[in-house]
Amino acid sequence: MAGDAPISLRGVTRTFGSGSAAVQALRGINLEVPDGELFMLVGPSGCGKTTLISIVAGILRQDAGSVRLLGEDLARLPGRLQADFRARNVGFVFQQFNLVPTLTVQENVALPLQIAGWRRRRAMDRAAATLALVGLEARLDAPPDSLSGGQQQRVAIARAIVHDPRILVCDEPTSALDREKGRQVMDLLRAIAIRPGRALIVVTHDTRVFGYSDRIATMQDGHIVRLVRRRFDPATAATAEPAPATVPL
Ligand SMILES: Nc1ncnc2c1ncn2[C@@H]1O[C@H](COP(=O)(O)OP(=O)(O)OP(=O)(O)O)[C@@H](O)[C@H]1O
Ligand SMILES: [Mg+2]
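Only a predicted model underlies this, so the values are computations on that prediction, with no experimental measurement involved.

(A) Spatial organisation of the side chain of Thr204. Looking at where Thr204 falls in the secondary structure, it is placed in the loop between β8 (199-203) and β9 (215-220). Residue Thr204 is classed as buried on the basis of its relative accessible area, which comes to 0%. At 2.8 Å, the side chain of Thr204 forms a polar contact with the backbone nitrogen of Asp206. If we skip the residues at most four places from it in the chain, Thr204 touches Met40, Leu41, Val42, Glu172, Thr174, Val209 and Phe210.

Structure representation (structure tokens):
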């Protein structure tokens, strides 16, 4: 629907397990990420960050509440169309990278395109070009296990952006990178996010990259407890003070 935010969540809850072992990972999340926004999500370990972005990406299903992406309520689409929608529109950088060990770096990055129906040759060409964006053009044929942690993380980022998704969710995308590589990745992610009709959520503990956000939400125990709007300034993004003044909701 025209005018809808690319990402919109209403009353989203999710519990794992049952009875006395139940963990309420999300306790009613309301969130709109508008066009062209880089939205950051921070908070202590276990507060629900990965659960939240996994639901946005359609990897996990919420127990209650609605999730709309690009105006579509995915739960109302038949399963095959949900998968098609995700393959076309959503990119995910996993906290643990999740690279396929039996494929080369280039094949890993080509995989989402092949799943979306691209021919291998074209998918491999696009994968090579995307790997060049993250500085890995010399490692196309390497198995992922032979790369450093930071290199594997950049492969995971290339795989998430190779199909130019309109919704991108990244779980700790700079955790294994030094300051300079982290800055390059955030520049790249921002360039992707700020185009019209797109939105990006970055989960991070990395205070060095807070300056790249338009808003930062703090989660605690399954809730968003604070939301801070920043004015993004490319001149100071890489050196911005880590802790902006917080505004209670
Ligand atoms: N598949 C699962 N089964 C059972 N419990 C789960 C599962 N996934 C997450 N949880 C629980 O839900 C809560 C939120 O987990 P989540 O992974 O979203 O946290 P997080 O904020 O991403 O933490 P971290 O910063 O450590 O990555 C935690 O208590 C976790 O143990
Ligand atoms: Mg997590």
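(B) Layout of the packing of helix α5 (residues 149-161) against helix α6 (residues 179-193). The N-to-C vectors of α5 and α6 enclose an angle of 5°; their axes lie 12 Å apart at closest approach. One element, α5, and the other, α6, form an angle in the roughly parallel class. Here α5 contributes Arg154, Ile157 and Ile161 to the contact with α6, which in turn contributes Lys181, Val185, Leu188, Leu189 and Ile192. Grouping the constituent residues of the contact of α5 with α6 by class yields six nonpolar, no polar and two charged.

(C) Focus on the site of ligand 1. Taken together, the neighbourhood of ligand 1 is formed by 13 residues, with Ser45, Gly46, Lys49, Thr50 and Thr51 sitting nearest. In the environment of ligand 1, an oxygen atom lies 2.5 Å from a nitrogen or oxygen atom belonging to the side chain of Ser45. A distance of 2.9 Å separates an oxygen atom of ligand 1 from a polar side-chain atom of Gln95. If ligand 1 stood free it would expose 640 Å²; the protein chains cover 61% of that surface. Secondary-structure elements contributing two or more residues to the shell around ligand 1 are β2 (23-33) and α1 (49-56).

(D) Expanded view of the packing of aromatic side chains. Applying the stated rule across the entire model yields two aromatic pairs. For Arg122, the ring lying beneath its charged end belongs to Trp118, and the centroid distance is 3.8 Å. In this structure, Arg190 is placed above the aromatic ring of Phe232, and the distance from its NZ or CZ to the ring centre is 3.4 Å.

(E) A look at the confidence of the model for the chain. With 95% of its residues at a pLDDT of at least 70, the chain reaches an overall mean of 91. pLDDT under 50 marks residues 244-249. Its contacts with residues more than four places away, or in other chains, come to 14 contacts.

(F) Expanded view of the nonpolar core. Core analysis: the largest hydrophobic core is formed by 43 residues, its most contacted members being Met40, Leu131, Val155, Leu168, Met186, Leu189 and Leu200. Among the secondary structure elements, those contributing two or more residues to this core are β3 (37-42), α3 (105-115), α4 (120-133), α5, β7 (167-171), α6 and β8. If we ignore the near neighbours within four places in the chain, the residues touching Val155 are Leu99, Val105, Asn108, Val109, Leu131, Leu136 and Leu147. Val33, Leu41, Ile53 and Ala57 belong to the second largest nonpolar core, which has 31 residues in total.

Conventions used here
- Residues numbered from 1 in each chain as written.
- Chains lettered and ligands numbered in written order.
- Predicted model: local features only at pLDDT ≥ 70, side-chain atom pairs only at ≥ 80, totals over all residues.
- Heavy atoms only, no water.
- Helix = DSSP H or I, 4+ residues; strand = E, 2+ residues; numbered from the N terminus.
- Buried < 20%, exposed > 50% of the residue type's maximum accessible area, 1.4 Å probe, protein only.
- Polar contact = N/O pair within 3.5 Å; in protein donor to acceptor, adjacent residues only side chain to side chain.
- Contact = heavy atoms within 4.5 Å.
- Axes fitted to C-alpha atoms, helices over the stretch in contact; angles between N-to-C directions.
- Parallel < 35°, antiparallel > 145°, perpendicular 65-115°, else oblique.
- Nonpolar A, V, L, I, M, F, W, Y, C, P; charged D, E, K, R; others polar.
- Near = heavy atom within 4 Å.
- Areas by Shrake-Rupley, 256 points an atom, 1.4 Å probe, with all protein chains shown as cover.
- Phe/Tyr/Trp six-rings, centres within 6.5 Å; stacked < 30°, edge-to-face > 60°.
- Lys NZ or Arg CZ within 6 Å of the ring centre and 35° of its normal.
- pLDDT = per-residue confidence, 0-100.
- Core = buried A, V, L, I, M, F, W, Y, C linked by side-chain atoms within 4.5 Å.

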